[in-house]
Amino acid sequence: MDEQNSHTEKRKNEHIEIALNQDVTGKKMTTGFENYRFKHNALPEINFSEIDLSSSFLGKTMRTPFLISSMTGGTEKAYQINKALALAAEKQGWAVGLGSMRAAIENGQTAYTFQIRNYAPSVPVIANLGAVQLNYGYGLRECMKAVEIAEADGLVLHLNGMQEIFQPEGDVNFSNLLKKIEEAAKNLPVPVGVKEVGMGIDGETAQKLINAGVQFIDVAGAGGTSWIQVEKYRSKDQMREQAAEAFLEWGNSTAEALNEVKGSSAEVPVIASGGLNNGVDAAKALALGANLAGYGRILLPAAIENEHSIISKLDQIEFELRTAMFGIGAVSVAELKSTKRLKKIKS
Ligand SMILES: Cc1cc2nc3c(=O)[nH]c(=O)nc-3n(C[C@H](O)[C@H](O)[C@H](O)COP(=O)(O)O)c2cc1C
């Protein structure tokens with residue numbers, strides 16, 4: 001293994017360890033979903049057992065409106081996590097995202113850590129690369145390679161500017177990226193989406209991305225995992241460590257980002273993620289117009305145990321969503337999305 005690859009492996013393992021064991025939330029930042037409450041319906045007039053969560057994404061019908069957010073890959077440990085997540089996603093009918101596939105592009109020996117299609121043959125699988133890599137030598141060829149390695153239904157490019165700044169080895173040239181994202185979105189044979197990693201996408205940015213041909217947007221808003229905080233624990237640089245404290249409340253909250261992105265385009269599919277904790281958060285996100293609700297770090301502890309633990313966790317989130325739907329009398333995701341029972345209680 002050369003030096004670059006062993007660095008990548010160390011970084012991937014550190015990210016998992018830190019996400020599992022440290023407080024990596026922005027502390028002063030919340031998702032914004034606490035500002036909304038459903039008006040309870042005492043007479044829902046529906047049968048709980050007939051509540052139908054079926055949805056669709058990237059041309060596939062899904063049994064649920066859920067996504068496992070992009071998290072990992074590139075090491076044996078990461079492969080075990082991806083495998084458990086894929087098995088659970090298939091069993092429950094969730095879409096599944098992979099972590100950044102740069103490791104596989106740069107070292108073919110790690111490609112297997114992203115090859116989970118066998119375990120998730122029917123659900124949407126989403127390949128992942130950092131958009132900034134398009135400024136560091138990546139182009140259509142690398143994007144396509146990521147899709148092929150994962151046999152993915154689509155590719156999501158992540159925007160992680162703040163993470164790169166706080167990462168000692170970060171790639172910080174984010175100039176003229178939109179044009180390159182456009183080239184990928186318009187020329188790849190699969191749908192290309194864009195996500196943040198926990199700081200949120202705003203309405204103006206969403207509009208630019210949609211005009212550039214991006215086919216879905218994952219807001220990945222603030223209120224959950226903060227990558228500034230994750231990188232703080234890895235940093236050996238006092239200035240960055242201290243600066244991380246100044247950014248505890250940085251970001252567009254998930255609810256705010258979702259409202260803005262939906263305001264930019266009613267048509268482009270939008271994923272609400274970033275700090276979602278349970279199925280009630282998903283119900284609120286769907287009622288605010290999201291097509292899917294995504295969960296990241298809160299799935300990790302179960303994912304490192306085995307696929308049974310992760311299946312129970314997904315089951316729990318589904319039960320909570322169904323129960324919220326029962327509580328407002330919505331028998332389908334379409335009814336939930338058009339409910340008038342979601343009230344803003346605080347601004
Ligand atoms: C351990 C870990 C690794 C992650 N790696 C990636 C990645 O490689 N690519 C990416 O787009 N997002 C990555 N993310 C970000 C998540 O996809 C998600 O956007 C973010 O964590 C916010 O969601 P959460 O609050 O539910 O965790 C990672 C998250 C975690 C916890």
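All values reported here derive from a predicted model rather than from experimental measurement.

Q: Could you clarify how one ought to interpret the overall build of the chain in this entry?
A: Check the secondary structure of the chain and you find 14 helices and 12 strands. Here the C-alpha atoms of the chain give a radius of gyration of 19 Å, agreeing with the 20 Å that 2.2 N^0.38 yields for 347 residues. Projecting the C-alpha coordinates of the chain onto the three principal axes gives extents of approximately 65 × 45 × 40 Å. Taken over 347 residues, the chain has a buried fraction of 56%. Of all intrachain contacts in the chain linking residues separated by at least 6 positions in sequence, the fraction that spans at least 24 positions is 78%. With an accessible surface of roughly 14,600 Å², the chain has 49% of that area assigned to carbon and sulfur atoms. Of the charged side chains in the chain, 36 are positive and 41 negative, and the gap between their average positions amounts to 4 Å.

Q: I tried to follow the side chain of E90 on my own but got confused; where do I start?
A: In this structure, E90 sits in helix 2 (residues 76-92). The buried charged residue E90 lacks any salt bridge, with R63 as its nearest oppositely charged partner at 5.3 Å. Side chain to side chain, E90 and S122 meet in a polar contact 2.7 Å long. E90 has contacts with R63, Y119, A120, P121, S122 and V123, leaving out every residue within four places of it along the chain.

Q: Explain the site of the ligand here, please?
A: Residues in contact with the ligand amount to 20 residues; listed here are only the nearest, S70, M71, S100, T225 and G275. A distance of 2.9 Å is found between an oxygen atom of the ligand and a side-chain nitrogen or oxygen belonging to K195. Between T225 and the ligand, the recorded distance is 2.6 Å, taken from a side-chain N or O atom to an oxygen atom. For the ligand, the accessible surface in isolation is 610 Å², of which the surrounding protein chains cover 95%. Across the shell around the ligand, the residue classes tally to six nonpolar, 11 polar and three charged.

Q: What's the story with the UniProt feature "binding site: Mg(2+)" (unreviewed entry) in the chain in this structure? I'm lost.
A: Those residues carrying the UniProt feature "binding site: Mg(2+)" (unreviewed entry) are E164 in this numbering. By secondary structure assignment, the location of E164 is in helix 5 (residues 161-166). Setting aside anything within four residues of it in sequence, one finds E164 in contact with V132, G170, D171, V172 and F174.

Q: When you look at the sheet that holds strand 5 (residues 95-97) in this model, what are you seeing that I'm missing?
A: Sheet strands pair via backbone hydrogen bonds, and the direction of the pair is either parallel or antiparallel. On the basis of which strands lie adjacent, the closed barrel formed by eight strands has the order 4-5-6-7-8-9-10-11 and parallel pairing. Each strand of the sheet is rotated relative to its neighbour by a mean of 25°, with strand direction disregarded. Direction of pairing for strand 5 relative to strand 6 (residues 125-130): parallel, over a ladder of two bridges. Across the sheet, V96 pairs through a bridge with V125, a residue of strand 6. This element, helix 11 (residues 279-287), spans strand 4 (66-68), strand 10 (270-273) and strand 11 (292-295) of the sheet and lies at about 145° to strand 11.

Parameters at a glance
Residues numbered from 1 in each chain as written. Predicted model: local features only at pLDDT ≥ 70, side-chain atom pairs only at ≥ 80, totals over all residues. Heavy atoms only, no water. Helix = DSSP H or I, 4+ residues; strand = E, 2+ residues; numbered from the N terminus. Rg over C-alpha atoms; globule rule 2.2 N^0.38 Å. Buried < 20%, exposed > 50% of the residue type's maximum accessible area, 1.4 Å probe, protein only. Contact = heavy atoms within 4.5 Å. Areas by Shrake-Rupley, 256 points an atom, 1.4 Å probe, with all protein chains shown as cover. Lys, Arg positive; Asp, Glu negative; His and termini not counted. Charge placed at Lys NZ, Arg CZ, Asp CG, Glu CD. Salt bridge = Lys/Arg side-chain N within 4 Å of Asp/Glu carboxyl O. Polar contact = N/O pair within 3.5 Å; in protein donor to acceptor, adjacent residues only side chain to side chain. Near = heavy atom within 4 Å. Nonpolar A, V, L, I, M, F, W, Y, C, P; charged D, E, K, R; others polar. UniProt positions renumbered as here; feature names shortened; annotations may be inferred. Pairing = 2+ DSSP bridges. Axes fitted to C-alpha atoms, helices over the stretch in contact; angles between N-to-C directions.

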